[in-house]
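A structural walkthrough
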Amino acid sequence: SVAKAIFGGQVKSEVTCPACKNVSVTRDAILDLSVGITASSCSSVEDALKAFTSPEKLGKGNEYKCEKCKASVQETKRLL
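Please read these numbers as outputs of a predicted model, since none were measured by experiment.

**Here's the deal with the sheet that holds strand β1 (residues 9-16)**
The four strands lie next to each other as β2-β1-β6-β3, forming an open sheet whose pairing is antiparallel. For this open sheet the edge positions go to β2 (23-30) and β3 (56-57), each flanked by a neighbour on one side alone. Here β1 pairs with β2 via eight bridges, running antiparallel. By the bridge assignment, Val-11 is partnered in β2 with Asp-28.

**A closer look at the nonpolar core**
Core analysis: the largest hydrophobic core is formed by six residues, namely Val-15, Cys-17, Leu-58, Tyr-64, Cys-66 and Val-73. Here Cys-17 is in contact with Asn-22, Tyr-64, Cys-66 and Cys-69, once residues within four sequence places are set aside.

**Some points on the environment of Gly-59**
Turning to its location among the elements, Gly-59 is positioned in the loop between β3 and β4 (64-65). Its relative accessible area of 27% is what places Gly-59 among the partly exposed residues. Sequence-wise, Gly-59 and Glu-75 are 16 residues apart; in three dimensions their C-alpha atoms are separated by 7.7 Å.

**Points about the pattern of salt bridges**
Per the counting criterion, the structure on display carries two salt bridges. Between Glu-14 and Lys-12 there is a salt bridge, and its shortest N-O distance comes to 3.6 Å. You can call Lys-12 partly exposed: its relative accessible area is 25%.

**Things to note about the pairing of strand β6 (residues 76-79)**
Consecutive side chains along a regular strand alternate between the two faces of the sheet. The pairing of β1 with β6 spans three bridges and is classified as antiparallel. Paired with Glu-14 across the bridge in β6 is Arg-78. Two strands pair when backbone bridges link them, and β3 and β6 are joined in this way by two bridges, in the antiparallel orientation. When the sheet's bridge partners are listed, Glu-56 is paired in β6 with Lys-77.

**Here's the deal with the side chain of Ser-24**
Topologically, Ser-24 is positioned in strand β2. Setting aside chain neighbours within four positions, we find Ser-24 in contact with Ser-13, Glu-14, Val-15, Tyr-64 and Glu-67.

**Describing the environment of Leu-80**
Structurally, Leu-80 can be placed in the segment after β6. Residue classification places Leu-80 among the partly exposed positions, given a relative accessible area of 45%. Residues Leu-80 and Ile-37 lie 43 residues apart in sequence; the distance between their C-alpha atoms is 19 Å.

Thresholds applied
Residues numbered from 1 in each chain as written. Predicted model: local features only at pLDDT ≥ 70, side-chain atom pairs only at ≥ 80, totals over all residues. Heavy atoms only, no water. Pairing = 2+ DSSP bridges. Helix = DSSP H or I, 4+ residues; strand = E, 2+ residues; numbered from the N terminus. Core = buried A, V, L, I, M, F, W, Y, C linked by side-chain atoms within 4.5 Å. Buried < 20%, exposed > 50% of the residue type's maximum accessible area, 1.4 Å probe, protein only. Contact = heavy atoms within 4.5 Å. Salt bridge = Lys/Arg side-chain N within 4 Å of Asp/Glu carboxyl O.

Function-wise, these values are silent; they only describe arrangement.
So, in structure tokens, the structure goes:
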């Protein structure tokens, strides 16, 4: 569609297994990107994008299961 051709993109995420060092890459199609900009958290769009792409610790109940070694680990996920 025209909207997809003009506004479409991808968000790429990477998770590295600490046990076997396997890197899992996922790409998701997007038409928009919502980033939070408030006076207390970000002073510019650039700051908001840095915060959006900063590493996120996967906590308990949101563990990553490695595709290669099948270990369930609490790892860091990063959007690129």
